[in-house]
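One-letter residues, chain by chain:
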Amino acid sequence: MVKPAVIASVLLLAIGSCLMLSCSGSASMSTPVSTPPPVTAAKVNCPATGLQATSCYSLDITCPNIPDYTAYVKIIAPANPVGAVIFTTGGDGTLLYETFAKYGSATVNNVVAANYEAVELTWGAPFSNGPGWEHDVNGQGVRAAACRFAMVVQWVSQQIAGVPLCATGNSAGGQNISEGLAHYNLGNFLTFAEITSGPPFNRVDHACIDDVPPAVEYCSGADVGMGVGKTNAVNFIDPAYPGPWCSSSMPPTQSTQHQQQFQNDSVTSPDAVLNYPKTTLRFLYGGQDLSSAINQGENYRSQISSTTSVGCVADAPHQMPDVQDAAEMIASDLIANCHK
């Protein structure tokens, strides 16, 4: 359970890879960051509806070279938890896991019933009108924006000493977990992570330029490339850049003007960490997901040198907890693997 002593306190968190590109995601940054950035936590009122919470907090997050942002966590804690699980959602991440999908609450409930503390992360609703994790980053890109999620993970880790910390995220939520593992040292904090439907823009350059020939995807059998499509580019990638960099790079132009920046911001960038000996990593996909997220996710998984596993839920769409069997499988995977 989150300790009362952290309320309204400033917590200095060590980001092991906060040097040069690792924190900013920007090719222009060259000065090492000498002072770990803080998270300021304050207790707030929990939502009146939904699953019964133990406590809720606002987290004012500071990351290098991007504006501060306030995220929120809703915590559901049993008396003596055997571990903690961070739940994060797709897109802008502005919904709680229990509300973003039809059976999201079932996943959370099952994990809590197994005596795990649930930490539901939102970058906005129902606490604020925040636009989302990838917004307001001074055009620094998705890698810089993902620092915010890494800060949340490290903050939670300081509150639960002695029990394992795990995480699951769907789509762009999985992007945040993946960026954190590759660039923000989260392999030293997470015991287990389950990435569902993603990471959907693991290779940001391929997602935006759409320059990879179609290939039959695992699980869904869809014959697609790695492009995210114009709508997703506009809504979920462009906001991290100075302008419509991603959407304007798509066919028919397939502009390579920003290709280097996109490569640097990718999960599997040239300087990515792709070995996580302390973290068990599992990828889960839906057989009804016809997007490029599976090819993107498998591209990442294929380059990881530590042990991973993969699974398929035949009737699940991209938003996997929209079907009950996927929601239950996510919970079962977390319960089976979130232990020391």
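Above this text is the structure in question.
All of the points below concern the structure found in this document.

Rules used in this analysis
- Residues numbered from 1 in each chain as written.
- Predicted model: local features only at pLDDT ≥ 70, side-chain atom pairs only at ≥ 80, totals over all residues.
- Heavy atoms only, no water.
- Helix = DSSP H or I, 4+ residues; strand = E, 2+ residues; numbered from the N terminus.
- Buried < 20%, exposed > 50% of the residue type's maximum accessible area, 1.4 Å probe, protein only.
- Contact = heavy atoms within 4.5 Å.
- Areas by Shrake-Rupley, 256 points an atom, 1.4 Å probe, with all protein chains shown as cover.
- Phe/Tyr/Trp six-rings, centres within 6.5 Å; stacked < 30°, edge-to-face > 60°.

Re the overall build of the protein
Looking only at helices and strands, one finds 11 helices and 12 strands in the protein. Counting the 340 residues in the protein, one finds 59% classified as buried. Restricting the contact set of the protein to residue pairs at least 6 apart, pairs at least 24 apart contribute 76%. Surface summary for the protein: the accessible area is close to 12200 Å², and the carbon and sulfur share equals 53%.

Things to note about unusual backbone geometry
Across the junction of Ala125 and Pro126, the peptide omega takes the value 0°, indicating a cis bond. Mapping Pro126 onto the fold places it in the loop between strand 6 (116–122) and helix 4 (142–145). Residue Pro199 is reached from Gly198 by a cis peptide bond, and omega for that bond is 5°. Phi is positive for Asn115, close to 80°, though the residue is something other than glycine.

Structural notes on the packing of aromatic side chains
Following the criterion strictly, the structure yields 9 aromatic pairs and no others. Centre to centre, the rings of Phe87 and Tyr97 are 5.0 Å apart; their planes meet at 55°, and the pair counts as tilted. Of this pair, Phe87 sits in strand 5 (residues 83–88) while Tyr97 sits in helix 2 (residues 97–100); the two residues are 10 residues apart in sequence, bridging distant segments of the chain. On the accessibility criterion, Phe87 (0% relative accessible area) is buried. Relative to Tyr285, the ring of Tyr218 lies with its centre 6.0 Å away and its plane at 75°, an arrangement referred to as edge-to-face. Here the residue Tyr218 occupies a position in the loop between strand 9 (215–216) and strand 10 (223–224), and Tyr285 occupies one in strand 11 (residues 280–286), the gap between them amounting to 67 residues. Relative accessible area serves as the criterion here: at 34%, Tyr218 is assigned to the partly exposed category.

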